[in-house]
Amino acid sequence: MALTRKAASQTRIGLVSGGLGAYWPQFPGLLATLQESAKYVTERFEKQDCVVVDAGFVSDPLESASAAETLRAADCDLVVVFLTTYLTSSMVLPIAQRVDSPVLLIDLQPTEAMDHATTGTGEWLAYCGQCPLPEVANVFRRSGIDFRSVSGYLRDENAWSRIDAWVGAASARAALRHARLGLMGHLYPGMLDISTDMTSLSAQFGAHVEVLEFDYLRVRVDGVTDSEVAERLDLARSVFTLDDSVDEGDLAWGARVSVGLDRVVDDFGLDAMAYYHRGLGGELHERLGAGMILGASLLTARGIPMAGEYDIRTAVAMLVADRLGAGGSFTELQALNFRDGVVEMGHDGPAHLQISSGQPLLRGLGVYHGKRGYGVSVEFDVEPGPVTTFSVGQNRDGSYTFITSEGTVVPGPLLQIGNTTSRVDFGRDPGEWTDDWSATGTGHHWALCTGHRARDIKAAAELLGIAYVGV
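Reference entry: report on the structure contained in this document. Just so we're clear, the structure is a prediction, and the values are computed from it rather than from any experiment. (Residues numbered from 1 in each chain as written. Predicted model: local features only at pLDDT ≥ 70, side-chain atom pairs only at ≥ 80, totals over all residues. Heavy atoms only, no water.)

## Focus: the layout of surface pockets
- Size it by volume and the largest pocket reaches roughly 470 Å³.
- When residues of the lining of the largest pocket are traced back to their parent elements, those giving at least two are helix 7 (157-177) and helix 14 (312-323).
- Considering every element that reaches the lining of the largest pocket, the biggest residue donor is helix 7, with six residues.
- Broken down by class, the residue content of the lining of the largest pocket amounts to nine nonpolar, eight polar and seven charged.
- If you add up the space inside the second largest pocket, you get close to 320 Å³.
- Every residue lining the second largest pocket is counted, 18 residues in all, and those nearest its centre are Asp100, Ser101, Pro102, Arg173 and Leu463.
- Looking at the lining of the second largest pocket, the elements with two or more residues in it are helix 4 (93-99), helix 7, helix 8 (198-205) and helix 16 (454-464).
- Partitioning the lining of the second largest pocket into residue classes produces seven nonpolar, five polar and six charged. (1 Å grid on protein atoms, 1.4 Å probe; cavity = no way out; pocket = protein on both sides within 12 Å on 5 of 7 lines; lining within 4 Å. Points joined across faces, edges and corners; volume = space filled by probe spheres on them. Helix = DSSP H or I, 4+ residues; strand = E, 2+ residues; numbered from the N terminus. Nonpolar A, V, L, I, M, F, W, Y, C, P; charged D, E, K, R; others polar.)

Rendered as structure tokens:
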């Protein structure tokens with residue numbers, strides 16, 4: 001078995017282009033020019049990993065209404081309206097009203113600037129896509145419709161990078177509104193911040209929450225064969241370096257649980273999961289909970305994030321980060337290093353192998369701090385470079401908040417206790433950063449993402465109708 005990523009449902013981008021039909025008889029050739037621009041825009045979107053539903057080119061409100069119906073039926077994650085030249089707001093409003101999807105307005109003129117000496121009225125109108133933008137924006141505001149816009153020219157890579165950010169945000173929205181989130185076990189006793197209302201996850205994100213018993217895992221682990229364990233051990237040895245502290249029996253148990261955990265994920269169609277079980281006296285459920293780190297890390301690497309300690313909100317953050325191509329590893333504060341000016345953060349338990357600086361290590365632990373059981377745990381340091389902390393916070397009224405802070409992982413001494421650990425420089429006093437981060441409403445845990453992702457996560461929050469806070 002290889003670490004094959006789960007095939008995520010493709011993001012659906014709706015596209016409609018338009019201009020004012022009154023121009024076509026007045027300026028022969030203008031429509032063909034604008035349709036050629038629309039073809040280029042469609043092709044750019046089709047090169048992305050998404051399904052493009054192109055509703056065509058509209059010239060009047062009747063055609064707009066027909067396009068709106070096409071896009072409404074397609075259930076798009078983002079609808080893009082290409083303003084090729086001036087058009088009336090009455091041609092755009094029905095689309096936004098009927099599609100029940102976030103709307104992005106784009107106006108991309110043919111080139112960087114007109115050649116004024118050779119430009120007549122017909123040629124100028126091809127450059128006039130930004131002309132209706134204030135009008136449409138005004139009508140959207142008065143109609144209570146959220147929107148965002150990108151202005152530029154057809155081959156303007158700066159404009160396309162901004163458009164791509166919205167497509168990425170739409171991918172995050174798609175991941176959550178179609179997600180099946182698993183909750184297995186029970187809350188870590190006393191961690192009140194982690195307690196999450198399952199209904200609110202469905203209400204605010206559109207996700208389904210599947211409540212799972214540890215017995216569902218027990219039964220599937222019972223059915224794992226010795227040959228399947230041997231195959232999973234081969235995979236583990238190819239993915240991880242094994243420390244001398246690893247007990248072969250504990251590793252084999254982790255491999256057996258890993259195969260059973262895969263079956264739980266497959267049988268319930270899960271996209272992400274949070275779990276915890278306290279156990280008592282070494283009974284079977286305690287052993288299952290303690291043996292999940294290997295399997296949970298392998299699943300997270302395959303795009304099915306696993307969060308420990310029953311933290312479903314962090315599983316949501318990890319899922320969004322993964323779909324943005326940013327990894328997203330289960331993380332908490334570990335210590336502050338005032339001498340080096342860094343915040344040390346990480347966690348025991350499941351980790352996202354994408355963010356490791358090298359081949360991750362499996363370390364044997366005779367005790368899990370704060371948790372019962374023993375077994376193998378994942379240890380690595382994070383690849384040096386830009387990173388983003390990403391938390392899903394919750395407010396007094398129950399609403400969720402996407403919270404980020406951008407920093408840089410820098411090399412230096414790290415813990416060697418079976419944790420994923422990193423030293424993050426936020427460019428300021430570590431204590432002051434910690435105070436500001438804690439004041440946002442973040443919970444105990446968050447996802448550590450590769451790259452500076454605040455802009456992308458902020459865009460995802462906007463498309464989801466979620467508040468955003470940056471530190």
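Once the structure has been displayed, the description carries forward.
## A closer look at the nonpolar core
- Ranked by size, the top nonpolar core spans 99 residues in total, and within it Phe45, Ile106, Phe205 and Phe402 carry the most contacts.
- Among the nonpolar cores identified, the runner-up in size contains 34 residues, and Ala255, Leu362, Val376 and Val382 belong to it. (Core = buried A, V, L, I, M, F, W, Y, C linked by side-chain atoms within 4.5 Å. Buried < 20%, exposed > 50% of the residue type's maximum accessible area, 1.4 Å probe, protein only.)

## Observations regarding empty space enclosed by the protein
- Applying the stated criterion across every chain yields a total of four cavities of 30 Å³ or more.
- Taken as a whole, the second largest cavity spans an internal volume of roughly 50 Å³.
- Looking at the second largest cavity, the residues that line it are Asp193, Ile194, Asp311, Arg313, Thr314, Ser391, Val392, Gly443, His444 and His445.
- Counting residues per element, the ones that place at least two in the lining of the second largest cavity are helix 14 and strand 15 (385-394).
- Among the residues making up the lining of the second largest cavity, the classes are represented as two nonpolar, five polar and three charged.

## Points about the sheet that holds strand 10 (residues 306-307)
- One open sheet accounts for four strands, arranged 7-6-9-10; its pairing is parallel. Where the open sheet ends on each side, the last strands, each with one partner, are strand 7 (208-212) and strand 10.
- Relative to strand 9 (residues 272-276), strand 6 (residues 180-185) is paired through five bridges, and the arrangement is parallel. In the strand pairing of strand 9, Met184 is matched with Tyr275.
- Relative to strand 7, helix 8 is tilted by about 155 degrees, and along the sheet it contacts strand 6 and strand 7.
- Helix 11 (residues 248-268) rests against strand 6, strand 7, strand 9 and strand 10 of the sheet, and its axis sits at about 135 degrees to strand 7. (Pairing = 2+ DSSP bridges. Contact = heavy atoms within 4.5 Å. Axes fitted to C-alpha atoms, helices over the stretch in contact; angles between N-to-C directions.)

## Focus on the packing of helix 7 against helix 14
- Contact geometry for helix 7 and helix 14: axes closest at 9 Å, N-to-C directions at 135 degrees. Accordingly, the angle class assigned to the pair helix 7 and helix 14 is oblique. As helix 7 runs across helix 14, the sense of the crossing is right-handed. Mapping the contact onto sequence places Ala172, Ala175 and Leu176 in helix 7 and Val316, Leu319, Val320 and Arg323 in helix 14.
- A per-class count over the contact of helix 7 with helix 14 returns six nonpolar, no polar and one charged. (Parallel < 35°, antiparallel > 145°, perpendicular 65-115°, else oblique. Left-handed = near helix turned anticlockwise from the far one by under 90°.)

## Observations regarding a nonpolar patch on the surface
- Side chains of Leu333, Leu336 and Phe338 sit close together on the surface and give an oily, nonpolar patch of about 250 Å² of accessible area.
- Mapped onto the fold, Phe338 is located in the loop between strand 11 (327-337) and strand 12 (342-347). (Patch = residues over 30% accessible without salt bridge, like charges linked within 9 Å, V, L, I, M, F, W, Y side chains within 5 Å. Areas by Shrake-Rupley, 256 points an atom, 1.4 Å probe, with all protein chains shown as cover. Salt bridge = Lys/Arg side-chain N within 4 Å of Asp/Glu carboxyl O.)

## Things to note about the side chain of Arg232
- The residue Arg232 is located in helix 10 (residues 226-239) in this model.
- Side-chain polar atoms of Arg232 contact the side chain of Ser258, separated by 2.5 Å. (Polar contact = N/O pair within 3.5 Å; in protein donor to acceptor, adjacent residues only side chain to side chain.)

## What to know about the pattern of salt bridges
- Counted by the stated rule, this structure contains 20 salt bridges.
- Ionic pairing is found between Asp262 and Arg232, a salt bridge with its closest N-O pair at 3.0 Å. Of this pair, Asp262 sits in helix 11 while Arg232 is found in helix 10, placing the two residues 30 residues apart along the sequence.
- When its relative accessible area of 11% is taken as the criterion, Asp262 is described as buried.
- The buried category is assigned to Arg232, whose relative accessible area is 7%.

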